[in-house]
Amino acid sequence: MKVILGTKLGMTQLIGEDGVVTPITLLQADPCKVAQVKTIEIDGYKAAQIVCGAGKNISKPVQGHLKKHGIESAPKAMREFRMGEQDEVATGDEFTVANFELGDKVRVSGISKGKGFAGTMKRYNFRSGPASHGFKGYERRVGSIGSMYPQKILKGKKMPGRMGADRVTVAGLTVAFIDVENNLLGIKGAIPGPKKGLIEVRGE
């Protein structure tokens, strides 16, 4: 089972011996510990809860849950990963960047950058209205949003609203750099989320 939680540091480049430049995203992926293993017999599905980092101000129910499974200090983050039929882990096991190998295909999840309240031109790439003389409307407004029937705005209509800050998963990425001593993991290409954002990495 190849999973880990990391913090996005930013993007850089790798220059190969043949001169080929590869853009990568660096993650600070400190060792993660298994806090609980869920089984089909008890929970109805097979998964592993892992925690990473040092945090504070977690709720008392979560404190009791972690203490029950031998985790005394408050973690920075806790996530649950589904396990395959062949995967076997135990409470207290650690996941590190050493579990990955160069060339491994991974699936990365994170919270995308928040853009705030945005109009339809930025949010959905609507075209603008006429900008010439004689046009009495607004160049960036939505335009007609209703009809004669059913005399209401249908659900799902593309309108201005909050943009970004959504969970995004990108599959088929490749591990291009591993530094076990410094707990660094480099993934080829861009991944979702801002710098210092929490990133989930799963092996495919």
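Scroll up to find the structure this text is about.
Residues numbered from 1 in each chain as written. Predicted model: local features only at pLDDT ≥ 70, side-chain atom pairs only at ≥ 80, totals over all residues. Heavy atoms only, no water.

Sorry, what's going on with the overall build of the protein here?
Per the secondary structure count, the protein includes three helices and 12 strands. For 204 residues, the compact-globule formula gives about 17 Å, and the C-alpha radius of gyration of the protein, at 23 Å, lies well above that figure. A principal-axis box enclosing the C-alpha atoms of the protein has dimensions of 70 × 50 × 35 Å. Out of the 204 residues in the protein, the part that is buried amounts to 31%. Surface summary for the protein: the accessible area is close to 13300 Å², and the carbon and sulfur share equals 51%. Looking at the protein, you have 32 positive and 20 negative side-chain charges, and the mean spots of the two groups are 18 Å apart. (Helix = DSSP H or I, 4+ residues; strand = E, 2+ residues; numbered from the N terminus. Rg over C-alpha atoms; globule rule 2.2 N^0.38 Å. Buried < 20%, exposed > 50% of the residue type's maximum accessible area, 1.4 Å probe, protein only. Areas by Shrake-Rupley, 256 points an atom, 1.4 Å probe, with all protein chains shown as cover. Lys, Arg positive; Asp, Glu negative; His and termini not counted. Charge placed at Lys NZ, Arg CZ, Asp CG, Glu CD.)

I would appreciate a short explanation of the pattern of salt bridges in the present structure.
Side-chain pairs of opposite charge can arise whenever the charged atoms involved come near each other. Tallied over the entire structure, the rule returns seven salt bridges. Across the salt bridge formed by lysine 2 and aspartate 104, the nearest N and O atoms sit 2.8 Å from each other. With lysine 2 in the segment before β1 (3–15) and aspartate 104 in the loop between β6 (94–95) and β7 (105–111), the pair connects residues that are 102 residues apart, well separated along the chain. By relative accessible area, lysine 2 is classed as partly exposed at 30%. Residue aspartate 104 is classed as buried on the basis of its relative accessible area, which comes to 15%. Linking glutamate 200 and arginine 79 is a salt bridge whose minimum nitrogen-to-oxygen distance equals 3.2 Å. One end of the pair, glutamate 200, is in strand β12 (residues 198–203); the other, arginine 79, is in strand β5 (residues 77–82), and 121 residues separate them in sequence. Since its relative accessible area comes to 6%, glutamate 200 is described here as buried. Take arginine 79: its relative accessible area is 33%, and that puts it in the partly exposed class. (Salt bridge = Lys/Arg side-chain N within 4 Å of Asp/Glu carboxyl O.)

Looking at this structure, how should I read the state of the cysteines?
A covalent bond between the sulfur atoms of two cysteines is what we call a disulfide. By the definition in use, this model includes zero disulfides. Summary of cysteine pairing: cysteine 32 is not part of a disulfide, and the nearest cysteine sulfur, belonging to cysteine 52, is at 4.4 Å. Of the residues examined, cysteine 52 reaches a relative accessible area of 9% and is grouped as buried. (Disulfide = S-S within 2.5 Å.)

For this particular structure, what's the right way to read the side chain of threonine 25?
Note that threonine 25 resides in strand β2 (residues 21–28). Of the residues examined, threonine 25 reaches a relative accessible area of 0% and is grouped as buried. Only 2.6 Å separates the side chain of threonine 25 from the backbone oxygen of glycine 189, close enough to count as a polar contact. For threonine 25, the contacting residues outside a window of four places in its chain are Lys8, Gly10, Met11, Leu185, Gly186, Ile187, Gly189, Ala190 and Ile191. (Polar contact = N/O pair within 3.5 Å; in protein donor to acceptor, adjacent residues only side chain to side chain. Contact = heavy atoms within 4.5 Å.)

Where do I start with the environment of lysine 38 in this structure?
With respect to the secondary-structure elements, lysine 38 resides in strand β3 (residues 32–38). The class for lysine 38 is buried, based on a relative accessible area of 15%. For lysine 38 and glutamine 49, which are 11 residues apart along the polypeptide, the C-alpha to C-alpha distance reads 7.9 Å. Sequence-distant contacts of lysine 38, that is, excluding residues within four places in its chain, are made with Asp43, Tyr45, Lys46, Ala47, Gln49, Glu80 and Met83.

Looking at this structure, how should I read the pairing of β12?
Across five bridges, the pairing between β1 and β12 is antiparallel. Bridged to glycine 6 within β12 is isoleucine 199. (Pairing = 2+ DSSP bridges.)

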